[in-house]
Amino acid sequence: MRTNRLVAACATAAALLGLAACGGSSSNGSGGGSAGPTPIKSSKTVGRTTGPNGEKATPTSALKLSAADIAKVKSGHYTAALTWHQSSDFVTAVTAGARDEFAKLGITVTATTNANFDAGKQKNDIETVMAKKPDVMLSLPVDPVATASAYKSVTRAGTKLVLLSNVPKGFVQGRDYVTVVTDDLFQMGKHAADALAASIGDKGKIAYFFHDASYYVTNQRDQAFKKTIEANYPNIKLVAQQGIADPNKAQDQANAILTKNPNLDGVYVTFSQPPAEGVLSALRNNGNTKTKLVSLDLDEPLTVDMARGGNVSGIVSDKAYELGQAMAMSAAYGLLDRKAPPFLVAPAITITKDNLAHGYEESLHQAPPKAVAEAAK
Amino acid sequence: MSVPPTIETERAPAVRTDPTRSVRVRLRAIDPRAYVVYLAFLLILVFFAATLSNDGFLTSANLLNILKQTAPISVMAVGMVFVLSAGEIDLSIGSVVALSALVAAVVLRDVGLVAGIAAGLGTGVVVGAVNGLFVTVLRLPSFLVTLATMGLVGGLARSITNLESVAVTDQTFANAFGSGDVGPLPSLILWTLGVVLVGHFVYRHRRFGAHVLAAGDNAAAARVTGIRVNRVKLAVLVGSATLAALAGLLYAGRLQGANYNLGSSDLLLVIAAVVIGGTRLFGGSGTVVGALVGSLIMGMLNNGLILMGLSSSEQLIAQGVLLLLAISLTLREPKA
């Protein structure tokens, strides 16, 4: 009987614990210092980030609000709801950027939700927050197809919708949503390619762990990495390509790849938490201190390893805080009935051992975590 | 062991001698713990109604939302009451939701309405039959069998459309399974009511319900009394997977689309709803209406805590604390 209760309690607690999956940070920007034998140089750009519907990218810096605009928005005493796809460092930084910008605009955040990548839960979340009749909603649709019906009700209610990274199927900018904001996805993949190439001296054998799911953000970043390596680094060979469908199982997949290819010079992993952490763990378990690892999105275990001079040689991140600010400013465009650019991108930044503190500040608008700062000493 | 007291009290022929004595006996037979879940539900409702009176909690639209949002969980909870009562468990339901929704969406798109519905529900029947046959014919524990099929079915859901989502454009299907209304009531609520009423009737008032409870309470004793325990276990596992498939159709209709991730967080919610509602995790007693109330408690907590404006982390903490309170009230064993 007592076991019954324990199991029930455990089941309930586990049901309520959100599963964090892939993050979604990225950006451009100067590479940091060099962690390998050659400094990171920017190779030729062989592609560009396009919007979910092929839109041309506009930098987030193009958004401008005058003092009169801000005063007008302030006088409306508007409210906002944030319906996110997950909870992570990235989402926290985007939320912080949005909240700070909303504060300047006199907009109050009345609800925040996290869908744990479940389209059904995101629909529930959206319906729930609509009971508070928010004037603005910032959101990342978990699935462009399966969440479209949820966002239709938002648009019908007259709530200004600003999207992060994904656009619901059939939605038209200006009519259904204000704009979509994301990272400079191609630049993120390209930065990762340049960073990994530099860390292995522009030559050698590498493994490529890509996200095996139909997800616009990770797919563009992964493809940009591969294209850049293939086009700009003829002496680097992709000897293993492994799709990661379940990010929590990356460690097992990495073990298999490392067994088959014990002399890898480098590995690229689609995003940091949890797959790159899993791959790093596999490298450690194999006693491998030589293979360099580059991944996307800031993550504490990876940055600690990088700060200690471990396998991780670079992490490419976006300016997540800036993404949040841009979303809030775009919301003001919507409230002012002003047309926003259809597709906005925030820059990418390469973070290495040499620019850790600056990288954290640029990306997440915060100092590095204590463990990272101590490891860097 | 005997058939549980709930059944006994409902089926025992009334002794028509002293009416007041009969009432006293009946009152004494009532286990107050069986009703604490309703009290917990009312307390949470009153708490949110008082604290969120200006935040839209009590609007009819929001209350309908809670009912609609919990519909797939409630439907699956009915199946789980039978499975747990029979002394088994079904861990594959979350994966069945995804696979049945995707199969229904693909067949709906490529063939038609009736075929889509049949294929979606058929997916559940097939998975349930596989679960049931492994459990009964090979005498394997349902925990392990359904753990295996959870992975197998989840993998199939990922592979049949190569991780792509499938849109549902058939408006008749969408209306019937989640997006439409019948008179003043959303179809989702009607499905919930229908499944709960039928489930309650079968569980409490048909021989099959008593057989399920007997099989879960003491399978060997049930066999001696002539109950075909294997047949009962096969039936509850097929029923559970079929109701999970129905939940998959409800998701597909409500979202007007399906993807491989649907239902991924539902399994533990369903188990929590059923157990909070008063069903024993290891068989022998249970309640369908309690499971519905458990499901509504879970939905109400999710809804109310969002409306309170808490951050995602704060919502999880508050949900955990409130659930511990609810569990302490509903599942506390009496002193020996």
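Preceding this section is the structure that the text describes.
Residue numbers restart at each chain and count upward from 1, following the sequence in its written direction. To read the labels, note that chains go from A and ligands from 1, taken in the order they are written. Side-chain atom pairs in this predicted model are given and counted only at pLDDT of 80 or more, local residue features only at pLDDT of at least 70, and totals for whole chains, interfaces and linings cover all residues. No hydrogens and no water enter the side-chain calculation; it runs on all heavy atoms of the structure.

Asks: Teacher, can you tell me more about the overall build of chain B here?
Replies: When helices and strands are tallied, chain B shows 16 helices and four strands. For the exposure calls, accessible area comes from a 1.4 Å probe over protein chains only, and a residue counts as buried if that area is under 20% of its type's maximum, exposed if over 50%, partly exposed in between. For chain B, buried positions account for 51% of its 336 residues. Whether two residues touch is decided by their heavy atoms; if any such pair falls within 4.5 Å, the residues are in contact. Pairs at least 24 apart in sequence give 77% of the contacts found in chain B among residues at least 6 apart. Surface accessibility in these figures is a Shrake-Rupley result with a 1.4 Å probe; residues are shielded only by whichever protein chains are displayed. With the model as given, the accessible surface of chain B reaches about 14,800 Å², and the carbon-plus-sulfur share is 66%. Put simply, DSSP H or I for four residues or longer makes a helix, DSSP E for two residues or longer makes a strand, and each gets a number counted from the N terminus.

Asks: Explain the overall build of chain A to me, please; I cannot follow it from the model alone.
Replies: A tally of regular secondary structure across chain A gives 13 helices and 13 strands. Here the C-alpha atoms of chain A give a radius of gyration of 21 Å, agreeing with the 21 Å that 2.2 N^0.38 yields for 377 residues. With the C-alpha coordinates of chain A rotated into their principal frame, the extents come out at 65 × 60 × 40 Å. Looking at the 377 residues of chain A, the share that counts as buried comes to 61%. Of the contacts formed within chain A by residues at least 6 apart in sequence, a portion of 77% connects residues at least 24 apart. Total accessible area on chain A stands at roughly 13,700 Å², and carbon and sulfur atoms take up 52% of it. Taking the 39 positively charged and 33 negatively charged side chains of chain A as two groups, their mean positions are separated by 2 Å. The globule rule used here is 2.2 Å times the number of residues to the 0.38 power, and the radius of gyration it is set against is calculated over C-alpha atoms. As used throughout, the charge tally considers Lys and Arg to be positive and Asp and Glu to be negative, leaving His and the chain termini uncounted. Here the site of a charge means atom NZ of a Lys, CZ of an Arg, CG of an Asp or CD of a Glu.

Asks: Can you walk me through helix 3 (residues 89-105) of chain A in this structure?
Replies: In an α-helix there are 3.6 residues to a turn, and that puts residues three or four apart on one side. Residue and element names in this part refer to chain A. Compared with the 24 Å implied by 1.5 Å per residue over 17 residues, the 24 Å span of helix 3 between its first and last C-alpha is a close match. For helix 3, the set of buried residues is Phe 90, Val 91, Ala 93, Val 94, Thr 95, Gly 97, Ala 98, Glu 101, Phe 102 and Leu 105. Directly beyond the C-terminal end of helix 3, a positive phi value near 70° is found at Gly 106. The length a helix should cover is 1.5 Å for every residue beyond the first.

Asks: In this structure, what is going on with the interface of chain A and chain B? I would like to understand it.
Replies: By a widely used convention, the size of an interface equals the accessible area lost when the partners come together. Contacts between the two partners involve 41 residues from chain A, matched on the other side by 48 residues from chain B. Overall, the association of chain A and chain B removes approximately 3,700 Å² of surface from exposure, summing both partners, and the carbon and sulfur fraction of that is 57%. Here, a salt bridge means any side-chain nitrogen of Lys or Arg that lies within 4 Å of a carboxyl oxygen of Asp or Glu. Applying the counting rule to chain A against chain B returns one salt bridge. Here Arg254(B) ties to Glu127(A) by a salt bridge, and the two come within 2.9 Å at their closest N and O atoms. A 3.5 Å cut-off defines polar contacts: any pair of N or O atoms within that distance qualifies, except that in protein one atom must be a possible hydrogen donor and the other a possible acceptor, and neighbouring residues in sequence count only when both atoms are side-chain atoms. The interface formed by chain A and chain B contains 17 residue pairs in polar contact (both at pLDDT 80 or more). Of all elements in the fold, only helix 1 (2-16), strand 3 (108-114) and helix 4 (119-130) of chain A reach the threshold of two or more residues within the side of chain A that touches chain B. In terms of residue count, helix 1 of chain A provides more of the side of chain A that touches chain B than any other element does, eleven residues in total. Any residue that is not Ala, Val, Leu, Ile, Met, Phe, Trp, Tyr, Cys, Pro, Asp, Glu, Lys or Arg is counted as polar, Gly included; the first ten are nonpolar and the last four charged. Residue classes in the side of chain A that touches chain B are distributed as 18 nonpolar, 13 polar and ten charged. The buried area of a pairing is the accessible area, by a 1.4 Å probe, that goes missing from both parts when the two are put together, added over both.

Asks: Before we go on, may I ask you to explain the nonpolar core in this structure?
Replies: Note that soluble globular proteins tend to have their nonpolar side chains buried in a common cluster. Within the largest apolar cluster, 98 residues are counted, with the highest numbers of intra-cluster contacts made by Phe48(B), Met80(B), Leu262(B), Val270(B), Val274(B) and Ile297(B). Residue contributions to this core peak at 14 residues, all from helix 13 (residues 229-255) of chain B. Ignoring anything within four residues of it in the chain, the contact list for Leu262(B) reads Ala119(A), Gly120(A), Gly94(B), Val97(B), Ala98(B), Ala101(B), Tyr251(B), Leu255(B) and Gly257(B). Ala81(A), Val167(A), Phe171(A) and Leu293(A) belong to the second largest nonpolar core, which has 89 residues in total. Here the nonpolar core consists of buried residues drawn from Ala, Val, Leu, Ile, Met, Phe, Trp, Tyr and Cys, with membership extended through side-chain atoms lying within 4.5 Å.

Asks: What exactly am I supposed to notice about unusual backbone geometry here?
Replies: Excluding glycine, residues mostly have negative phi values, and the peptide bonds linking residues are mostly trans. Residues and elements named next belong to chain A. Cis geometry marks the peptide bond from Gln 273 to Pro 274, where omega comes out at 10°. Locating Pro 274 in the fold gives a position in helix 9 (residues 272-285). One non-glycine residue, Ser 165, lies in the positive phi region at around 70°. Within the fold, Ser 165 resides in the loop between strand 5 (160-164) and strand 6 (179-183).

Asks: Can you walk me through the pattern of salt bridges in this structure?
Replies: Side chains that differ in charge, positive against negative, can pair when their charged atoms come close. Residue and element names in this part refer to chain A. As enumerated under the stated definition, the model contains 14 salt bridges over all chains in all. Of the charged contacts, one joins Lys 41 and Asp 202 as a salt bridge, the two residues approaching to 2.6 Å between their closest N and O atoms. Taken together, the residues Lys 41 in the loop between helix 1 and strand 1 (58-59) and Asp 202 in the loop between helix 6 (185-199) and strand 7 (204-211) connect sequence positions 161 residues apart. When its relative accessible area of 44% is taken as the criterion, Lys 41 is described as partly exposed.

Asks: Mind showing me how you'd approach the packing of helix 5 (residues 71-85) of chain B against helix 10 (residues 187-205) of chain B here?
Replies: For any two helices packed against each other, the geometry comes down to the angle between their axes and how far apart the axes lie. Residue and element names in this part refer to chain B. Two elements in contact, helix 5 and helix 10, have axes separated by 8 Å at closest approach and are oriented at 15°. As judged from the angle between their axes, helix 5 and helix 10 are roughly parallel. Relative to helix 10, helix 5 is oriented so that their crossing is left-handed. In this structure, helix 5 uses Ala 71, Ser 74, Val 75, Val 78, Val 81, Phe 82 and Ser 85 to contact helix 10, whose residues at the interface are Leu 188, Thr 192, Val 195, Val 196, Gly 199, Val 202 and Tyr 203. Tallied by class, the residues present in the contact of helix 5 with helix 10 amount to ten nonpolar, four polar and no charged. Axis definition: a line fitted to C-alpha atoms, over the contacting stretch in the case of helices. Angles run 0 to 180 degrees between N-to-C directions. Orientation categories follow fixed angle ranges, with anything under 35 degrees roughly parallel, anything over 145 roughly antiparallel, 65 to 115 roughly perpendicular, and all other angles oblique. Handedness of a crossing follows from how the near helix is turned relative to the far one, being left-handed for an anticlockwise turn of less than a right angle and right-handed for a clockwise one.

Asks: Just checking my understanding: could you explain a nonpolar patch on the surface for this structure?
Replies: Residue and element names in this part refer to chain B. Judged by side-chain polarity, Val 126, Val 130, Leu 133, Phe 134, Val 137, Leu 138 and Leu 140 come together as a nonpolar surface patch covering roughly 600 Å² of accessible area. Mapped onto the secondary structure, Val 137 falls in the loop between helix 7 (113-136) and helix 8 (142-160). You can call Val 137 exposed: its relative accessible area is 59%. Any residue with relative accessible area above 30% and no salt bridge may belong to a patch, with like charges joined within 9 Å and the nonpolar Val, Leu, Ile, Met, Phe, Trp and Tyr side chains within 5 Å.

Asks: Teacher, can you tell me more about the side chain of Thr279(B) here?
Replies: All names here are of chain B. Residue position: Thr 279 is located in the loop between helix 14 (266-276) and helix 15 (288-307). Within the local environment of Thr 279, its side chain forms a polar contact with the backbone nitrogen of Thr 287, the two atoms lying 3.2 Å apart. Setting aside residues no more than four positions away along its own chain, Thr 279 makes contact with Val 81, Leu 84, Ser 85, Val 274, Ser 285, Gly 286 and Thr 287.

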